[in-house]
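# Breakdown of the fold
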Amino acid sequence: MNRGMSIGGISWCLPERFETNEDLVREFGTWTPEKIYKKTGIVRRHIADADKPVSHYLALAGEKFFAEHPAVSRDSIDMLVVCCEARDYIAPATACVVHHKLGLRKSCGAVDYELGCSGYVYGLSIAKGCIAAGIADRVLLITGDQVTRYVNKQDKAIRTIFGDGYTATLLEVSGRDRVTGFDLGTDGSGLRDIIIEAGETALPRSESTAAERVNRFGNAHSQENVLMDGRKVLEFSLREVPGSVQRCLERAGIRKEDLDLIVFHQASRLLLEQVRDEMRFPEDKFVINLEDKGNTVSSTIPIALGECAEQGRLKAGMKVLLSGFGVGLSWGTVLVEWGTDDGAK
């Protein structure tokens, strides 16, 4: 049997608590809900509880997957892969904690890696390697972060964008390879364009790193908070994503016109529209779905896929282009043919 790979199902969950544009306007007394929406494409964003570790939410996504896909037993999972930049502990790996919470068998491997916006595509590549090498027949890929924990409450620009969300995707061995054309890339020279500077070995937390600075727009942040240069991130996206898409399509052996759906990392409506227009993708094939959840970093692409499948917009046999890009700076693009060997959605 050809050891190809297909997506066997996606589940996702969002924290119960959320902030709306109206909430932010009442708090800051500036802008309007309409202005925030016009700039970001977001109406509300979900916020993880600060008293719960990230493993709590990652495990919730896994539990939801098994509840929604009863034909998939926990004992059939050969490898757990977790994409998360936040961590329960410096050691052990968060994947080990989630493995225990999900009750997976001891002979199931567990590994985590730190990537944000490009993390889902990288996770698919890790799963593909495990399956192609015969290490695993089934890989459970879980994504999610607590990015809102690192957002300064007085930084209204950043607060309008980010939300927390968690997903679980089953990747399984397939006689026909349905995940192809990977293009991965990195430009570490842009590491400061999206960064949380303090808290690890390069810059441990201190009184100095906790000190807040206020920029010319009145937004406060410290070195312990998320800092993003929106202009540079947009320039990076317009510079790198078109080439990555072209290389992916060439490797997968299809034309842009053959695509049924395009799902990019849901960064913001403004950025997505500019990238879409630059690449001349038709609006009816290009997914923008961050309105009620915000930018959930590594979870934006699988949430969008899952919602499109639920809505009937994504059907078996469709060719879907996925591309994630951002923090690192890093990017990843891949072509997915939706469906499995048994024709299941």
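You'll find the structure just up there.
Everything in this summary refers to the structure shown in the same document. (Residues numbered from 1 in each chain as written. Predicted model: local features only at pLDDT ≥ 70, side-chain atom pairs only at ≥ 80, totals over all residues. Heavy atoms only, no water.)

## Comments concerning the overall build of the protein chain
If you tally the helices and strands in the protein chain, you get 10 helices and 15 strands. For a compact globule of 345 residues, the expected C-alpha radius of gyration is about 20 Å, and the protein chain comes in at 19 Å, within 12% of that figure. Projected onto its principal axes, the C-alpha positions of the protein chain cover 60 × 45 × 35 Å. Counting the 345 residues in the protein chain, one finds 56% classified as buried. At a minimum sequence separation of 6, the contacts of the protein chain that also span at least 24 residues come to 77%. Here the protein chain has roughly 14900 Å² of accessible surface; of this, 51% comes from carbon and sulfur atoms. Here the protein chain holds 43 positive side-chain charges and 49 negative ones, and the gap between their average locations is 2 Å. (Helix = DSSP H or I, 4+ residues; strand = E, 2+ residues; numbered from the N terminus. Rg over C-alpha atoms; globule rule 2.2 N^0.38 Å. Buried < 20%, exposed > 50% of the residue type's maximum accessible area, 1.4 Å probe, protein only. Contact = heavy atoms within 4.5 Å. Areas by Shrake-Rupley, 256 points an atom, 1.4 Å probe, with all protein chains shown as cover. Lys, Arg positive; Asp, Glu negative; His and termini not counted. Charge placed at Lys NZ, Arg CZ, Asp CG, Glu CD.)

## Digging into the sheet that holds strand β6 (residues 138-144)
With respect to topology, five strands assemble into an open sheet ordered β1-β7-β6-β4-β5, the strand pairing being mixed. Since the sheet does not close on itself, it has two edges, and those belong to β1 (4-13) and β5 (109-113), each with one partner. Going from strand to strand, the sheet's axes swing by 20° on average, the running direction of each strand aside. Sheet analysis places β1 next to strand β7 (residues 166-174), joined by nine bridges and oriented antiparallel. Across the sheet, the residue bridging to Met-5 is Val-173, located in β7. Along the sheet, helix α10 (residues 300-311) contacts β1, β6 and β7; its crossing angle with β1, the most-contacted strand, is approximately 90°. (Pairing = 2+ DSSP bridges. Axes fitted to C-alpha atoms, helices over the stretch in contact; angles between N-to-C directions.)

## A word on the pattern of salt bridges
By the definition in use, this model includes 28 salt bridges. We note a salt bridge from Arg-251 to Asp-183, for which the minimum N-O separation is 3.0 Å. Here the residue Arg-251 occupies a position in helix α8 (residues 230-252), and Asp-183 occupies one in strand β8 (residues 179-186), the gap between them amounting to 68 residues. The shortest N-O distance in the salt bridge between Asp-277 and Arg-276 comes to 3.3 Å. (Salt bridge = Lys/Arg side-chain N within 4 Å of Asp/Glu carboxyl O.)

## Details of unusual backbone geometry
Cis peptide bonds are those with omega within 30 degrees of zero, and the linkage from Ala-91 to Pro-92 qualifies with 10°. Here Pro-92 shows up in the loop between β4 (79-83) and α4 (94-102). Here the residue pair Gly-328 and Leu-329 is connected by a cis peptide bond, since its omega of -10° sits within 30 degrees of zero. Residue placement: Leu-329 occurs in the loop between β14 (319-326) and β15 (330-337).

## As for the sheet that holds β8
Spatially, four strands are ordered β8-β15-β14-β13 in an open sheet, and the strand pairing comes out mixed. In this open sheet, the two strands that pair with only one neighbour each are β8 and β13 (261-264). Sheet twist, expressed as the average angle between the axes of neighbouring strands with direction ignored, equals 10°. Strand direction decides the pairing type here: β8 and β15, joined by six bridges, are antiparallel. When the sheet's bridge partners are listed, Val-179 is paired in β15 with Val-336.

## With respect to the nonpolar core
Tyr-120, Val-139, Leu-171, Val-263, Leu-305, Leu-314 and Leu-322 are the most contacted members of the largest nonpolar core, which totals 37 residues. Here Leu-171 is in contact with Met-5, Ser-6, Ile-7, Leu-124, Ala-127, Ile-131, Asp-137, Arg-138, Val-139 and Leu-141, once residues within four sequence places are set aside. (Core = buried A, V, L, I, M, F, W, Y, C linked by side-chain atoms within 4.5 Å.)

## A short note on helix α2 (residues 33-40)
Regarding α2, the residues found buried are Pro-33, Ile-36 and Thr-40. Along the axis of α2, the buried residues cluster in a sector spanning 65°; they form a single face. Of the residues in α2, the exposed ones pointing more than 90 degrees away from the buried face are Glu-34, Lys-38 and Lys-39. Against α1 (21-28), β3 (44-46) and α9 (269-279) lie the buried residues of α2. One or two steps after α2, the chain reaches Gly-41, where phi turns positive at roughly 80°. (Arc of directions from axis to C-beta.)

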